[in-house]
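The chain contents come next:
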Amino acid sequence: MDIIQEGLFGELDINGKFNNGWSGKIVFKKRISDDLIKNEKLDYAIGLANIRFNNKRNPFRWELHSKLEETYTESRAVVYDSIGVGFGSYRYDEEFNEYISDPNGAYISHTILTGERELVTNFSTSQRLFIDFSKMHIALLKNIDVRLDLRTEFKGKTFSINKITEPDLQDNEIARSKVNLRNEIDYNPQGTTRRIRNWAIYSQDLLGADPRGNDLRIQKEYGVEWREPIKKNFHSVLKLKSHKIDNSSGFSNLRNRKIDGWWTEEEIKWNLERKWQFSVSALGGKDSGTHNQELFSAYAYGVKIESQRFISSTSRIKVRAELFNSIETSDNSVIPPEALNGLPIGQSITVNIQGQVLLGKNLSLNVNANYIDNLRYNNFITLSGELRAYF
């Protein structure tokens, strides 16, 4: 008898739940096999960890979900294909030699296999921490909640913590290294609709799917949102945030840019007889920084008006209109795509109309119309419709 394949398989499985609120599950599997006919070797490992602390009498609640996998897989590359303006989800920016996310763009992205099989490590983890101060019996803090969310993702040939926390832009063994940290503090007093929310975000993302080289984006954001009731059917929402963005490219200086600025919105909302909803917003912001080794500075201001009409319990129509004016103050006709919330230089007009009708119990009709007039899209109109069936 000839042996055509031989291998080794092992598994470790640990489960536990305790009265003090701790619970968890840890799983590790390892498989090694040799195909003697095809002369191929399989080396596969996977580890899972789900740990939780949740005690009803304790103000702290914590969750951890983690996965580590090692397997042979084909390397991938991202390519972009033009399908027509308004039908894609990316646009090509010649100034920065980059495809920018845009719902009215002409390009879509595809992930293709390059045919090369290699041992790759996939690692992902998420942690959530909740603090409910109402359980601490401290009167000053009883209306405050704190949430902390940490998510990491890694995909590459060799794994180490440093490749997640401090990835090297020139490391060609990394396909993806991402860290996202978000911290929120909510103040929501009982018996009122007042709410004050403060957040801080740190995001770091290295992309290695481009065959030409890596891109590294680091973003920091701090913001506050204050929702204040004025009357029974009126309330105000004030948003203010500051941001810093640093984009670095491993193969093209055109893609290098830094943005530092702020953005603010003041919105007034009101309802009429539960059938009409209105809102009027004043918006504005300023950004400055560098791109392609040149300085830039720009600011923008505008208004946004929204109205929603509930025709019946089964249909509604929503209209949104925006008017912005963006001005570059450093005699530079180009600003980074992240600046001024993505607005182009000059005047921008956007109108959106959405309609939804339920046709019986199993069908719904959605209609959407858009009008855009700015430096990128000249009197651009899109119409779309969707008929959905529910079973």
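This section reports on the structure supplied with the text. (Residues numbered from 1 in each chain as written. Predicted model: local features only at pLDDT ≥ 70, side-chain atom pairs only at ≥ 80, totals over all residues. Heavy atoms only, no water.)

What about the overall build of the protein chain?
Stated precisely, the cut-off is as follows: Under the scheme used here, helices are H or I runs from DSSP no shorter than 4 residues and strands are E runs no shorter than 2 residues, and both carry numbers assigned from the N terminus. The buried label applies to any residue whose accessible area, calculated with a 1.4 Å probe on protein chains only, is under 20% of its type's maximum; exposed applies above 50%, and partly exposed to all values in between. All accessible-area figures derive from a Shrake-Rupley calculation using a 1.4 Å probe, and residue coverage is judged against the displayed protein chains alone. Charge convention: Lys and Arg are scored as positive, Asp and Glu as negative, and His as well as the terminal groups of each chain are ignored. In plain terms, the charge of a residue is placed at NZ if it is Lys, CZ if Arg, CG if Asp and CD if Glu.
A count of helical and extended segments in the protein chain gives one helix and 19 strands. Each principal axis of the C-alpha distribution contributes one length, and for the protein chain these read about 80 × 60 × 50 Å. Each of the 391 residues in the protein chain was classed as buried or not, and the buried ones make up 32%. Accessible area of the protein chain: about 24200 Å², with a carbon and sulfur share of 53%. The average position of the 53 basic charges and that of the 51 acidic charges among the side chains of the protein chain differ by 11 Å.

A closer look at unusual backbone geometry
Phi at Leu340 takes a positive value of approximately 55°, unusual for a residue other than glycine. Note on Leu340: relative accessible area 0%, which makes it buried. One non-glycine residue with positive phi stands out, namely Asn379, at about 50°. The topology assignment puts Asn379 in the loop between strand E18 (363-373) and strand E19 (380-389). For Asn379, a relative accessible area of 45% corresponds to the partly exposed category.

Notes on the layout of surface pockets
Quick reminder of the rule: Definitions used for this entry: grid spacing 1 Å over protein atoms alone; cavity, a set of points where a 1.4 Å probe fits but cannot get out; pocket, an open set with protein on both sides within 12 Å along at least 5 of 7 lines; lining residue, one with an atom within 4 Å of a point. Grid points are joined across faces, edges and corners, and a volume is the space filled by probe spheres set on the points. When residue character is reported, Ala, Val, Leu, Ile, Met, Phe, Trp, Tyr, Cys and Pro are called nonpolar, Asp, Glu, Lys and Arg charged, and the others, Gly included, polar.
Counted as a void, the second largest pocket has a volume near 400 Å³. Around the second largest pocket, the lining comprises 18 residues; the ones closest to its centre are Arg91, Asp93, Pro344, Leu375 and Arg376. Here the element with the most residues in the lining of the second largest pocket is strand E5 (residues 90-93); it accounts for three residues. For the lining of the second largest pocket, the class distribution of residues is twelve nonpolar, two polar and four charged.

Brief notes about the side chain of Ser348
To be explicit about the condition: Note on contacts: a residue pair qualifies if any of its non-hydrogen atoms lie within 4.5 Å across the two residues.
Mapped onto the fold, Ser348 is located in strand E17 (residues 346-359). Sequence-distant contacts of Ser348, that is, excluding residues within four places in its chain, are made with Glu322, Leu323, Phe324, Leu343, Asp373 and Asn374.

With respect to the nonpolar core
The condition is simple: For the purposes of this section, nonpolar cores are sets of buried Ala, Val, Leu, Ile, Met, Phe, Trp, Tyr and Cys residues that join through side-chain atoms within 4.5 Å.
Counting residues in hydrophobic clusters, the biggest one holds twelve residues: Ile245, Ile259, Trp263, Leu283, Phe296, Ala298, Ala300, Phe324, Ile335, Ala339, Leu340 and Leu343. Of all the secondary structure elements, the ones that give two or more residues to this core are strand E13 (257-272) and strand E15 (294-312). Counting residues per element, this core draws most heavily on E15, at three residues. Membership of the second largest hydrophobic core comes to eight residues, among which are Leu169, Ile174, Val179 and Leu216.

What about a nonpolar patch on the surface?
Note the cut-off: Without a salt bridge and with relative accessible area above 30%, a residue can belong to a patch; like charges are then joined within 9 Å and nonpolar side chains (Val, Leu, Ile, Met, Phe, Trp, Tyr) within 5 Å. Each salt bridge in this description consists of a side-chain nitrogen of Lys or Arg and a carboxyl oxygen of Asp or Glu lying within 4 Å of one another.
On the surface, a nonpolar cluster with roughly 470 Å² of combined accessible area is contributed by Val357, Leu359, Leu363, Leu365, Val367 and Leu387. Contributions of two or more residues to the nonpolar patch are made by E17 and E18. When residues of the nonpolar patch are assigned to their parent elements, the largest contribution, three residues, is made by E18. By the element assignment, Leu363 lies in strand E18. The class of Leu363 is partly exposed, set by a relative accessible area of 35%.

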